[in-house]
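Per-entry structural report
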Amino acid sequence: MLRQVADLNLNKLLLPRFVKDGDKLRMKYVCPMSQSHPHKIYFVLQNICHIGDKYDDEFCTKFDATRCYEPQITPYSQEEVDRVYEGIQTLGREILDTLKEYNSGRRYGYSWNVLDTTFYQISYFARPQGQLLNDLEKAIDDMDAQLPTEEVVAKGKAFLERLLALPKEKLAEDLYFVDILVSTKRRSFLKNVQENFVNMYKEAAEAIQSENYERSAVRLLYIFYEAYFYNNMQDNINVIITKALRKAGSQPLEEASEILYDAMDKIMEGDLDDDDEVDFSEMQQKVAEVMGGDDIQKL
């Protein structure tokens, strides 16, 4: 464990360092007040939070270390645990069937896309913590390994199968809410999102023009869920993407592809206004219940 700590000091921590205090390990950073620019301190805290959140679970799981203090967490309700567990099982089984079909045709590029998207989707709706989050992040990192695609897919498939075999009680251990000082995800900005989407935007347009709706749908799903994995998405972009994902669900490939592409097109054009009509009748009724008739008329 101490060898890993030394490696973290050299390669992962930027300004802070692990220091040994008796039988305890702490992260420490000291600088003069004159050098404590707010942006600098923010990124120092972000570095501490990211490494601390990841490796305390690693050390406890692999080396039987104990935390200096236990974090304050709020476990998911049993209903939420059931929802996440069933979601993982349903999605996982469907994807294994999809992989079987793609692999039999040696379409490993498609297998790679749907498998990586699946890991992003699980992260999106389960929001795991602890060692499960670490394992999921490692599986996502491994999808970019410089290996033959067939080998990468096989490794990712094996992880998904292990995840599906995880008992619900074990899964629940890493499903909880925790207070966050500094998020490990980036804040999204329209310009950055557009820059990250631009190549996929062009690829999807070319696929649709050639009537390859399967490629367009698969790739658009991939880029949308990848964006959620790495970013805290701003509200106006979030509304556009989530509505498109919901609307495209269970649709034929051509229709799903067009729905997802329309959402991408809105984002790339900077058209982030919500065009849906708003029904105020229910809102008015609730307001009327707590206000007098004259007041509501005036309002």
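As the structure is a computational prediction, the values presented were derived from the model and not from experiment.

Let's talk about the overall build of the chain
- Counting its secondary structure elements, the chain contains 13 helices and six strands.
- Across the 299 residues that make up the chain, the buried fraction comes to 36%.
- Relative to all contacts within the chain whose residues are 6 or more apart in sequence, the contacts with residues 24 or more apart total 73%.
- Only carbon and sulfur atoms are counted for the fraction: they give 50% of the accessible area of the chain, which is about 18800 Å².
- Charge centroids of the chain, computed over 36 positive and 53 negative side chains, lie 9 Å from each other.

Describing the nonpolar core
- In terms of nonpolar packing, the biggest core is built from 65 residues, with F119, I122, F197, F224 and M264 touching the most fellow members.
- Those elements giving two or more residues to this core turn out to be α3 (78–104), α4 (108–126), α5 (130–142), α6 (149–164), α8 (190–209), α9 (213–230), α10 (235–248) and α11 (253–269).
- It is α9 that contributes the most residues to this core, 10 residues altogether.
- In this structure F119 touches L136, A139, I140, M143, G156, F159 and L160, once residues within four positions along its chain are discounted.
- Core analysis: the second largest hydrophobic core is formed by seven residues, V5, L8, F18 and I51 among them.

A closer look at the packing of aromatic side chains
- Counted by the stated rule, this structure contains 15 aromatic pairs.
- A centroid spacing of 6.1 Å and a plane angle of 45° characterise the contact between Y55 and F59, whose relative ring orientation is tilted. In this pair, Y55 and F59 are both assigned in helix α2 (residues 38–63), four residues apart and thus about one turn of the helix distant. Across this residue pair, the class does not change: Y55 and F59 are buried.
- Aromatic ring contacts, followed pair by pair, group W112, Y120, Y222, F229 and Y230 into a single cluster.
- Against the face of Y55 rests K54, its NZ or CZ located 5.6 Å from the ring centre.
- Just above the ring of Y110 sits the side chain of R107; from NZ or CZ to the centre is 4.6 Å.

Concerning the side chain of Q121
- Topologically, Q121 is positioned in helix α4.
- With residues up to four places along the chain from it excluded, the contact list for Q121 reads L91 and Y225.

Comments concerning the environment of W112
- Tracing the sequence through the fold places W112 in helix α4.
- Judged by its relative accessible area of 16%, W112 falls in the buried class.
- A C-alpha to C-alpha distance of 37 Å links W112 and R17, two positions 95 residues apart in sequence.

Focus: the pairing of strand β2 (residues 24–28)
- In terms of strand pairing, strand β1 (residues 17–21) meets β2 through five bridges, oriented antiparallel. Each bridged residue has a counterpart across the sheet, and for R17 the counterpart in β2 is K28.
- Between β1 and β2, which pair antiparallel one after the other, the connecting turn spans two residues, and G22 there sits at a positive phi close to 65°.

About the criteria used
Residues numbered from 1 in each chain as written. Predicted model: local features only at pLDDT ≥ 70, side-chain atom pairs only at ≥ 80, totals over all residues. Heavy atoms only, no water. Helix = DSSP H or I, 4+ residues; strand = E, 2+ residues; numbered from the N terminus. Buried < 20%, exposed > 50% of the residue type's maximum accessible area, 1.4 Å probe, protein only. Contact = heavy atoms within 4.5 Å. Areas by Shrake-Rupley, 256 points an atom, 1.4 Å probe, with all protein chains shown as cover. Lys, Arg positive; Asp, Glu negative; His and termini not counted. Charge placed at Lys NZ, Arg CZ, Asp CG, Glu CD. Core = buried A, V, L, I, M, F, W, Y, C linked by side-chain atoms within 4.5 Å. Phe/Tyr/Trp six-rings, centres within 6.5 Å; stacked < 30°, edge-to-face > 60°. Lys NZ or Arg CZ within 6 Å of the ring centre and 35° of its normal. Pairing = 2+ DSSP bridges.

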